[in-house]
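# Observations on the three-dimensional arrangement
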Amino acid sequence: VVPQNAISQDGVDDNFDIAETTGLPISATTSTYTIEMWVRGEPQTGIYLWSETNTGLSLFGVATGNTDPSKVYIFKRNNAGVSTIDMDGSITAFDGQWHHIAYVNNGTTGTLYVDGVFDFTDNSVDAIVPTLTSHLGSARGTSAFFDGEIDEVRIWNIARDQIDIQNDMDIELTGSESGLVAYYNFNQETGTNLPDVSLNGNDGTWTGPAGTNTTPN
């Protein structure tokens, strides 16, 4: 893993809130997108890595497995709160080691990759609501807090293919790549602001005790 630092979250109350800004939340602004990140954590059930919400309801999420806590779980709800996608992956991503996760939505189907390897495809139906907030490391910023480390979070408004994901997953980006909506590399040392390294200014705000940056192994 090439990243210089990663954010360490305690599983209790650590979270980044990202307000509705340029191109975010991604599931409410475009039907084609890609979400990527590196994660390290032990198996944990139904814990959120990325969520997009309206008031009191998570409508889209990338999480740890509901059935198998060592796998990745993807869910989507429609405006009425009814689940449209509810799937666990089959490739281990939570075993105390670093793993890369990428979820790609092309407007018709959603595809999950773990460490650049195909995991599953769903018949993707997105939750589109007027106002959403994005959260990194929790559900709605109030529950299901991730216990582990997260790094190199990349949000795109394009459906990236498997080759592109594999080519870029082990290197840092410049932030000016075409289609990049938000990029969080956690290379800052301190502070409660999570700077977006892309050109779009989608900064996040840390909530919970002071965050800890660590060097990935």
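A few words now on the overall build of the chain. Across its full length, the chain holds two helices and 16 strands. Considering only contacts in the chain between residues 6 or more positions apart, those separated by 24 or more positions represent 64%.

Grouped together as the largest cluster of nonpolar side chains are 35 residues, with contacts concentrated most on Leu24, Leu49, Trp50, Val72, Ile101, Ile150 and Val153. Sort the elements by how many residues they give to this core and strand S3 (residues 33–40) lands first, with four residues. Those residues in contact with Val153 that sit more than four places away from it in its chain are Glu36, Met37, Trp50, Leu136, Ala182, Tyr183, Tyr184 and Phe186. In terms of nonpolar packing, the next biggest core, distinct from the first, is built from five residues, Tyr48, Ala63, Phe75 and Ala139 among them.

Counted according to the given criterion, the structure contains eight aromatic pairs. Judged by centre distance (5.6 Å) and plane angle (80 degrees), the ring pair of Tyr48 and Phe75 falls under edge-to-face. Remark: Phe75 occurs in strand S6 (residues 72–77) and Tyr48 occurs in strand S4 (residues 48–54); sequence separation between them is 27 residues. The burial state of Tyr48 is the same as that of Phe75; both residues are buried. Seen from their ring centres, Phe94 and Phe146 are 6.2 Å apart, and the 65 degrees between their planes marks the pair as edge-to-face.

Turning next to the pattern of salt bridges. Counting across every chain of the model gives five salt bridges. Across the salt bridge formed by Arg40 and Glu149, the nearest N and O atoms sit 2.7 Å from each other. Within this pair, whereas Arg40 is found in strand S3, its partner Glu149 is found in strand S12 (residues 147–156), the two being separated by 109 residues in sequence. You can call Arg40 buried: its relative accessible area is 16%. The exposure class assigned to Glu149 is buried, which follows from its relative accessible area of 10%. The partner of Lys71 in a salt bridge is Asp68, with the nearest N and O atoms 2.6 Å apart. Members of the salt-bridge network, linked through shared partners, are Glu36, Arg160 and Asp168.

Now for the sheet that holds S4. Ordered by their spatial adjacency, eight strands build an open sheet running S7-S6-S5-S4-S11-S2-S15-S14, and the pairing between neighbours is antiparallel. What marks the edges here is a single partner per strand, and that holds for strand S7 (83–88) and strand S14 (193–194). Bridge count for S6 against S7 is five bridges, and the pairing is antiparallel. Residue pairing in the sheet places Arg77 in a bridge with Ser83 of S7.

Negative charge collects at one region of the surface, where Asp10, Asp13, Glu42, Asp95, Asp115 and Asp147 lie side by side. Summarising the element assignment, Glu42 is placed in the loop between S3 and S4.

Turning next to the pairing of S12. Within S12, nine of the 10 residues are buried, leaving the element largely enclosed by the surrounding structure. Bridging between strand S1 (residues 6–10) and S12 involves four bridges; their strand directions are antiparallel. Following the sheet pairing, Ile7 is matched in S12 by Ile150. Two strands pair when backbone bridges link them, and S3 and S12 are joined in this way by six bridges, in the antiparallel orientation. Looking across to S12, one finds that Trp38 is bridged to Asp151. Judged from the four bridges that link them, S12 and strand S13 (residues 180–184) form a sheet pairing that is antiparallel. Opposite Ile155, over in S13, you have Ala182 as the bridge partner.

Before going further, it helps to examine the confidence of the model for the chain. Looking at the chain as a whole, its pLDDT mean stands at 86, while 89% of the residues score no less than 70. Within the chain, the element-level pLDDT minimum falls on strand S16 (residues 212–214), averaging 48, and the maximum on helix H2 (residues 162–168), averaging 97. A low-confidence stretch, residues 210–217 stays under pLDDT 50, and its non-local contacts, those more than four residues away or across chains, total 26 contacts.

Parameters at a glance
Residues numbered from 1 in each chain as written. Predicted model: local features only at pLDDT ≥ 70, side-chain atom pairs only at ≥ 80, totals over all residues. Heavy atoms only, no water. Helix = DSSP H or I, 4+ residues; strand = E, 2+ residues; numbered from the N terminus. Contact = heavy atoms within 4.5 Å. Core = buried A, V, L, I, M, F, W, Y, C linked by side-chain atoms within 4.5 Å. Buried < 20%, exposed > 50% of the residue type's maximum accessible area, 1.4 Å probe, protein only. Phe/Tyr/Trp six-rings, centres within 6.5 Å; stacked < 30°, edge-to-face > 60°. Salt bridge = Lys/Arg side-chain N within 4 Å of Asp/Glu carboxyl O. Pairing = 2+ DSSP bridges. Patch = residues over 30% accessible without salt bridge, like charges linked within 9 Å, V, L, I, M, F, W, Y side chains within 5 Å. Areas by Shrake-Rupley, 256 points an atom, 1.4 Å probe, with all protein chains shown as cover. Lys, Arg positive; Asp, Glu negative; His and termini not counted. Charge placed at Lys NZ, Arg CZ, Asp CG, Glu CD. pLDDT = per-residue confidence, 0-100.

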